[in-house]
Amino acid sequence: MAESKSVIIKIKRQLTPTSKSYWEEFSVPYRPNMNVISALMDIAADPSTRDGKATTPITYDSNCLEEVCGSCAMLINGKARMACSALIDNLEQPIRLEPFSKFPVVRDLAVDRSVLFENLKTVKAWVPIDGTYDLGSGPRMSAEEQEAAYPLSRCISCCCCMEACPQFNEDTGFVGAATISQVRLFNTHPTGKALKRERLAALMGDGGIQECGYAQNCVEVCPKDIPLTKSISEVGGQVMKQALGDLLRR
Amino acid sequence: MATPKIIVVGGGLAGLSAVIKIAEMGANVDLFSIVPVKRSHSVCAQGGINAAKNLKGEGDSTWQHFDDTIYGGDFLANQPPVKDMCDAAPGIIDLLDRMGVPFNRTPEGLLDFRRFGGTLYNRTAFAGATTGQQLLYALDEQVRRHESEGKVKKFEHWEFLSAVLDDGNVCRGICAMDLRSMEVRTFPADAIIIATGGNGAIFGKSTNSVVCTGSAQSALYQQGVYYANGEFIQVHPTCIPGEDKLRLMSESARGEGGRVWVPKTPGDKRDPKAIPEKERWYFLEEWYPKYGNLVPRDVATRAIFKVVYEYNLGIDGKPMVYLDLTHIDRKILDRKLEGILEIYEKFVGDDPRDTPMKIFPGMHYTMGGLWVDFKQATNVPGIFAAGECEYQYHGANRLGANSLMSCIYGGGIAGPNAVKYARGLQAASDGNGHFAAEQKRQEEINAKLMKADGTENPFKLWRELGQLMTKDCTVIRYNKNLQQTDATLVEMLERYGKINLSDRTQWANTTVVFARQLYNMLQLARVIAQGAAMRDESRGAHYKPDFPERDDKNWLKTTKAYFAPDADEPKFEFEPVDTSLIQPRARKY
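As the structure is a computational prediction, the values presented were derived from the model and not from experiment.

J.: Before we go on, may I ask you to explain the sheet that holds strand 21 (residues 569–576) of chain B in this structure?
T.: Across a sheet, paired strands are connected by hydrogen bonds in the backbone, their directions being either parallel or antiparallel. Residue and element names in this part refer to chain B. The four strands lie next to each other as 18-11-20-21, forming an open sheet whose pairing is antiparallel. Of all strands in the sheet, those bounded by a partner on one side alone are strand 18 (369–370) and strand 21. Inspection of the sheet shows strand 11 (residues 227–228) paired to strand 18 by two bridges, in the antiparallel sense. Within the sheet, the bridge partner assigned to Ala228 lies in strand 18 and is Gly369.

J.: Just checking my understanding: could you explain the interface of chain B and chain A for this structure?
T.: You'll often see interface size given as the accessible area lost when the parts meet. Counting residues at the interface gives 56 residues for chain B, matched by 56 residues for chain A. Looking at the side of chain B that touches chain A, the elements that each hand over two or more residues are helix 1 (13–24), helix 3 (79–98), helix 4 (131–148), helix 9 (330–348), helix 12 (458–472) and helix 14 (510–534) of chain B. Element by element, the count of residues in the side of chain B that touches chain A is highest for helix 4 of chain B, at eight residues. Residue classes in the side of chain B that touches chain A are distributed as 18 nonpolar, 18 polar and 20 charged.

J.: I would appreciate a short explanation of the sheet that holds strand 16 (residues 321–324) of chain B in the present structure.
T.: All names here are of chain B. With respect to topology, six strands assemble into an open sheet ordered 13-12-17-16-14-15, the strand pairing being antiparallel. Every interior strand has two partners, whereas the edge strands, strand 13 (247–248) and strand 15 (280–281), have only one. When strand 14 (residues 259–263) meets strand 16, the two strands line up antiparallel, connected through three bridges. By the bridge assignment for strand 16, Val260 is matched with Leu323.

J.: It is not clear to me how the environment of Thr265(B) should be interpreted in this structure. Could you clarify?
T.: Residue and element names in this part refer to chain B. Structurally, the position occupied by Thr265 is in the loop between strand 14 and strand 15. Accessibility expressed as a C-beta count within 10 Å gives 12 for Thr265, which makes it exposed. Sequence separation of Thr265 and Phe155 is 110 residues, and the distance between their C-alpha atoms is 56 Å.

J.: Looking at this structure, I do not really get unusual backbone geometry. What am I missing?
T.: Only a minority of non-glycine residues have a phi that is not negative, and only a minority of peptide bonds are not trans. The linkage connecting Gln93(A) with the following residue, Pro94(A), adopts the cis geometry, with an omega of -5 degrees. Topologically, Pro94(A) is positioned in the loop between strand 4 (79–82) and strand 5 (95–98). A positive phi angle is found at Asn33(A), which is not glycine, with a value near 70 degrees. Residue position: Asn33(A) is located in the loop between strand 2 (21–29) and helix 1 (36–45). Taking the number of C-beta atoms within 10 Å as the measure of exposure, Asn33(A) has 16 and is therefore partly exposed. With a phi angle near 65 degrees, Asn169(B) is a residue other than glycine that sits in the positive phi range. With respect to the helices and strands, Asn169(B) occurs in the loop between strand 7 (158–165) and strand 8 (171–178).

Procedures and definitions
- Residues numbered from 1 in each chain as written.
- Chains lettered and ligands numbered in written order.
- Predicted model: local features only at pLDDT ≥ 70, side-chain atom pairs only at ≥ 80, totals over all residues.
- Pairing = 2+ DSSP bridges.
- Helix = DSSP H or I, 4+ residues; strand = E, 2+ residues; numbered from the N terminus.
- Contact = placed C-beta atoms within 7 Å.
- Nonpolar A, V, L, I, M, F, W, Y, C, P; charged D, E, K, R; others polar.
- Buried ≥ 20, exposed ≤ 12 C-beta atoms within 10 Å, placed from the backbone.

Given below as structure tokens:
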């Protein structure tokens, strides 16, 4: 009988938000077309470490497993990415799994990313419609405008861009690329731009768009290939223009 | 009068749609969700949303949409609410457009529409091939706006455990568990709306998301809510088989011209592009010349099964067929289908613009669900339901791109009706003791699980459940196997009693949560298996070779399962279908 191949995975674990982290190593049977999630599922079905010690299943966030819900972001071999689209065949072993380093750990690989949803409130990332009753069709939009908006609207709020950004940390309080890109999206919408002034005002000052250091890490790790640096430079221009205007009007 | 308080459970399209309506009416709303609502399963919907806007000069009408939906569902849906949904659909598309959904456009700047299965009209509005994601985001943004104005309170990372019922069996709130602190708490409400999606996890691997376990529906069924048409499970013809799940390859691939074929020679090992046209069998086009590759999903699925298992023509002898887009211009593919082509590329490694995709049917949608009336109310006062978790709009088979519409529409009906009900509600006559009692009952379940030290691993038991249900309870059904399935489910429930919990931590313990869901899955699986065993006919997605014809005389009726606590198993009754608008006719594509 041919020797069955296995996949070696090292996982950084942490029981509670305040407890110390530690590493455990696992070995799961290899199958073609496996991804990191299927390996984590295997561990749950047989929760023991590589040296046979009984342990607990890994806590991690996941939902759609199609890279569209944004849940399963983690550090895989040091890179911020989605675990569902991380195919074992393309990863160097032992595979190292760690939680994001810039977000509070909940347990094991699950972290608290609610900061992004709070940021989206701050910049009013919505179209201010009058109500849901029937008011006829929406604003007419060219195919070109739709094709510009759609890629920005595919942001899955995974926070990879924030994890990878050297400026995203407690010292700067930087909002991060995802939020800025949403500002660009809503500022271009015919109805959404009614709130443009407020959105740009929210991006001024400490933690705002000025914190960006143009490292360009965000655009490299974005699993949806969103033109984040372009968004930052465009919104940066809008903020600058508004700040200047405000100054002159004083 | 006090402002009504409504609880919505589930933050997909149906739940968010209900929340927005309730907030607009000035009532208070608490929104519970296992995941942050922006990560709900609605994001997975790809191809589009149906509405008869008739923007292509084809003479489409809402009546035609209604007729296609009823006919596609093999006449099992009650007709009046389906007609109302189809009539409301064009207005809902306008609303979504106003909310900023980046729908694809025509050169003139109007909404573009494409074709989908089960219709001859271009009726499906779409935003690339990630329409569900775009619609969910639009509603999520509106809810965030209401949240920032203090009208909505979100409880994310909370799992619904049960309804709190008073002595008169009226719902007074919910019992839920914080998935981090594991705290079990009750929350009072004047009415609750359940919008918890489908139950794909009962079938192990499906196109559904991880949270789609059907656990909430099952818990409510065990508390006395009727579960209707459980036996109707949609198997989507074109999925990408995977180790962790089956990934959907949207019907829009065929809507944009994709063709399904197999090599005519069994075991043909050539590269698909090296196989000349005359040596390929486009079996859907040959068998169904009118609709071709766009026959409804149940029809396409059975055809693929026939080709693979009866003719042994699966690719390389394996259960797979080709879905081919390589004849279509790359620019068109990128503009209209990029999101799904990207999924195939990322998860399989081949570029579907160059190589035909290998696909096979997989469990996709739960047509059955909590029984509701035309106001989306269940049989238990104060419990409403909307979206995939209820049974109302799709009959025996759902047409592609009708689910997003039924979620948004159903939520929009449930919300106002829940508020109206709440405004007329009398206070409970028996005090508040039922809250403490329900909390205690749920805490005891957790405590028992935490101590469980038997031999059965819940994740392994779940894999067995999935294999069992997929084998005997999906595309082709035999009574003997269905009866055996139910007997095995009873055994599995016994084995569940000997479960072993590998994690006893009182913090973010996913194992105890999963074990709770598994119990509910096993109970609901019996509803599906027994319902399928009883229905001796073939209708829509429910197909029995021993009873190959639809039998309107005996089976034009809704299956209603209710839980008999003493027997610990489902009992059934049947209800006639409202066919007052369209006379049932034979379904022939």
